[in-house]
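Survey of secondary and tertiary structure
Chain residues, written in single-letter form:
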Amino acid sequence: MACFCSIQFLPFAKSLTLLSPIATLSSLPLRPIRSNFSPPPVSSLPSPFLCRCTSATSPPPHSDGFIGFLDDEEEEAAAAGEKEEEEEDEEEFYEDDDLDLEALESEAKDAVRSYSTSLSRQLTIEDETDDLKGFKGKQKRRKGATKTTPDHLLPKVTIVGRPNVGKSALFNRLVGGNRAIVVDEPGVTRDRLYGRSFWGDHEFVVVDTGGVINVSKSQANVMEDLAISTTIGMDGISLLSREAAVARMPSMIERQATAAVEEASVIIFLVDGQAGLTAADVEIADWLRKSYSSKYIVLAVNKCESPRKGVMQASEFWSLGFSPIPISALSGTGTGELLDLVCSGLKKTEDVENMDEEGNYVPSIAIVGRPNVGKSSILNSLLGEDRTIVSPISGTTRDAIDTEFVGPDGQKFRLIDTAGIRRRASVASSGSTTEALSVNRAFRAIRRSDVVALVIEAMACITEQDTRIAERIEKEGKGCLIVVNKWDTIPNKNQKTATYYEQDVRETMRMLDWAPIVYSTAITGQSVEKVIVAASTVEKERARRLSTAILNQVIREAIAFKPPPRTRGGKRGRVYYCTQAAIRPPTFVFFVNDAKLFPETYRRYMEKQLRSDAGFAGTPIRLLWRSRRKVEKDEGKAATRTRSNLSPREGNVALTT
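Within every chain, residues take consecutive numbers counted from 1 along the sequence as written. Only residues with pLDDT of at least 70 are given local features in this predicted model, and only at 80 or more are side-chain atom pairs given and counted; all residues enter the totals for whole chains, interfaces and linings. Hydrogens and water molecules were not included; the side-chain quantities draw on all heavy atoms of the structure.

**Comments concerning the sheet that holds strand β8 (residues 401-406)**
If you trace the 6 strands from one edge of the open sheet to the other, you get β8-β9-β7-β10-β11-β12, paired in mixed fashion. The outermost strands of the open sheet, each flanked by one partner alone, are β8 and β12 (517-519). Going across the sheet, the axis of each strand differs from the next one's by a mean of 25°, ignoring polarity. Strand pairing is assigned whenever DSSP detects at least two bridges linking the two strands. We count a stretch as a helix when DSSP gives it H or I for four or more residues in a row; a strand needs E for two or more, and each element gets its number in order from the N terminus. Where strand β10 (residues 451-457) and strand β11 (residues 479-485) come together, 7 bridges link them in parallel fashion. Considered in β11, the bridge of V455 is made with V483. Against the sheet, helix α16 (residues 529-542) contacts β7 (364-369), β8, β9 (412-417), β10, β11 and β12, and its axis sits at roughly 165° relative to β11. Axis definition: a line fit to C-alpha positions, over the contact stretch in the case of helices; interaxial angles, taken between N-to-C directions, run 0 to 180 degrees. Contacts are assigned to residue pairs with any non-hydrogen atoms lying within 4.5 Å of each other.

Below you can see the structure in the form of structure tokens.
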């Protein structure tokens, strides 16, 4: 085809020159990153034939959609304007070569803080306000108190009693907050729940337990006392299995309470002052007196809001063989005297010295997923003990259960078992306040964790609810690994089964395409240890920091391979500098000429290049784009030299995750 090389086609020849291969970039680590290169001046072109012949079958399209001829004056004016604009860009580039790096680093940290605050407002949890209403007088930490003492070195104070006497309310009062779910119905708490507390110079761990009931009761009474529902999530369970699970529940709760009592230094035996003395109270008192007479036991009579009536209500419990003290867990009446008695039975623990914050950092791993996918089974298999109750009854786990765990390499973790997360519509239709609070506790566990193990059931594959949980994990910026549990239920497995399954997971959960996948069978303990190994790797990647030199080199290569696209007006984005401003998750701030010139597709491309060249497997990475607009030409040189000293905050911030 004939080549359009006439002098009249100068602007189109210029466009062809801009499409030529990009030259090799400078290797200096801290030079501003240049996203495109301008063509040589018109005067330096060797001949009137300004374009090089290519294999194109048609001339390059005009930005306005047609090819036309320009008058000589218009052509010269256009060429002069483009040349002037390019010279300004070149001048700005080289003037910005002496960037104030300290100002840019400070501005990058400000951008990260602004983004985190904005994101925190968006990711609200519904019951946060309600949780604080009853505990406005949250305890202030004593002077000189330290959190460097590990939990296992602190003495434990266990709260025991029959169902619905206010154990969880007292637990929340002592630890200062709403850690445990408090609902006016029996049997809400089932597992052990731990929380740190202090009083005076003493610091200790408070343990909340499930209500201990008379195991000789009939199944109907057991279901009533434990508030076990046969309508929520139990349709797929056979009647025989359902009855067996309900029959085992009291013994499981009692076993958890027994374990908490055995490790306690002080036992708070809680009774209900309004209900009066019951046969269950007498049975628990006999059990404590016979089996744990060597331990210090405090009898607390709850729900005594009136100090005058409280003495009369407490007098009824003298027959149990302990000295009763009237208290009110909700209002706080008498809790000071209770803590004085508790601390009199504790040995003072000395604070552990010479432990820096980073060395004492213990990453948290939250185990989340839909109901009945095996979350509690995975926790118990990792710990090698029945830390939480495992039952086919949907919704067995209600609170977020924290447990310390030491990995094979000696690294410490905090494992958090959570309640199953069902769809919001299903939770609302059930009308269960307990389940709604349990789901909120699960979301809170995601927020306070470092790595989230998203558990899915192998045969159920990926559901819509799994995808929604994955979106929440990505938005929270948490590291993640996908645990495919009950892998033994997959029939006719071969070497390619895992490969095909992973492809299906990747296609369905595109927002977590960076998360590693672990296949396990929690009941038999098969491959469960791989969960900790993968979580440890993810946490290390989440805390990794790239040097500025390596980071900018990666960005240069990415831009050289694929420069930012041009707008219809011919503008193109330029990256001047990039820095990693934060870890957990890794957050990178790009200083550019205009953040609006970088479309979402290009930002995703840059994230993909960062992952392929620098790693960060198992963790989301955040790219923040900071605009640094050009000042007016007359004030350009002076403003550029003093910009970082006067106000490093000019320009707008365009954020992406």
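After that view of the structure, there is still more to cover.
**Topic: the environment of R472**
Here R472 is to be found in helix α14 (residues 464-476). On a C-alpha basis, the gap between R472 and I446 in space is 8.5 Å, while along the polypeptide they are 26 residues apart.

**Notes on the sheet that holds strand β1 (residues 156-160)**
Strand order in the open sheet made by the 6 strands is β2-β3-β1-β4-β5-β6, with mixed pairing throughout. With partners counted over all chains shown, the strands left at the sheet margins are β2 (193-199) and β6 (324-326), one partner each. Across this sheet, the average inter-strand angle for adjacent strands is 30°, counted without regard to direction. Packing against the sheet, helix α8 (residues 279-291) makes contact with β1, β4 (266-272) and β5 (296-302), and its axis sits at approximately 165° to β4. Contacts between helix α10 (residues 335-344) and the sheet are confined to β1, β2, β3 (202-208), β4, β5 and β6, with β5 contributing the most and set at about 170° to the helix.

**Focus on the environment of G334**
Relative to the assigned elements, G334 resides in the loop between β6 and α10. Discounting residues that sit within four places of it in the chain, G334 has contacts with I325, P326 and I327.

**Observations regarding the pairing of β1**
Successive residues of a regular strand alternate their side chains across the two faces of the sheet. For the exposure calls, accessible area comes from a 1.4 Å probe over protein chains only, and a residue counts as buried if that area is under 20% of its type's maximum, exposed if over 50%, partly exposed in between. With 5 of its 5 residues buried, β1 lies for the most part within the structure. Neither face of β1 is exposed, since K156, T158 and V160 on one face and V157 and I159 on the opposite face are all buried. Relative to β3, β1 runs parallel, the two being bridged by 4 bridges. The residue bridging V157 from the neighbouring strand is V206, located in β3. Pairing of β1 with β4, which is carried by 4 bridges, proceeds in the parallel orientation. Along β4, the bridge assignment pairs V157 with V266.

**Comments concerning the packing of helix α17 (residues 548-561) against helix α18 (residues 600-614)**
Orientation of α17 relative to α18, taken along the N-to-C sense of each, is 125°, at an axis distance of 10 Å. Here α18 runs oblique to α17, going by the angle between their axes. Regarding α17 and α18, the two cross each other, and that crossing is right-handed. Counting all contacts with α17, which are made through L551, V554, I555, E557, A558, I559 and F561, the residues of α18 involved are Y602, Y605, M606, Q609, L610 and D613. Throughout this entry, Asp, Glu, Lys and Arg are counted as charged residues, while Ala, Val, Leu, Ile, Met, Phe, Trp, Tyr, Cys and Pro are counted as nonpolar. The remaining residues, Gly among them, count as polar. In the contact of α17 with α18, the residues fall into 10 nonpolar, 1 polar and 2 charged. Throughout, the term roughly parallel applies to angles under 35 degrees, roughly antiparallel to angles over 145, roughly perpendicular to angles from 65 to 115, and oblique to all others. Note on convention: near helix rotated counterclockwise from far helix by under a right angle means a left-handed crossing. Clockwise means right-handed.

**Section: the pattern of salt bridges**
Throughout this description, the term salt bridge denotes a Lys or Arg side-chain nitrogen within 4 Å of a carboxyl oxygen of Asp or Glu. For the structure shown, the criterion picks out 18 salt bridges. For D286, the salt bridge identified is with R289, shortest N-O distance 2.5 Å. Placement of the pair is D286 and R289 together in helix α8, with a separation of 3 residues, close to one helical turn. On the basis of relative accessible area, D286 is assigned to the partly exposed category, the value being 29%. Salt bridges linked by common partners bring R447, R472 and E476 together as one network.

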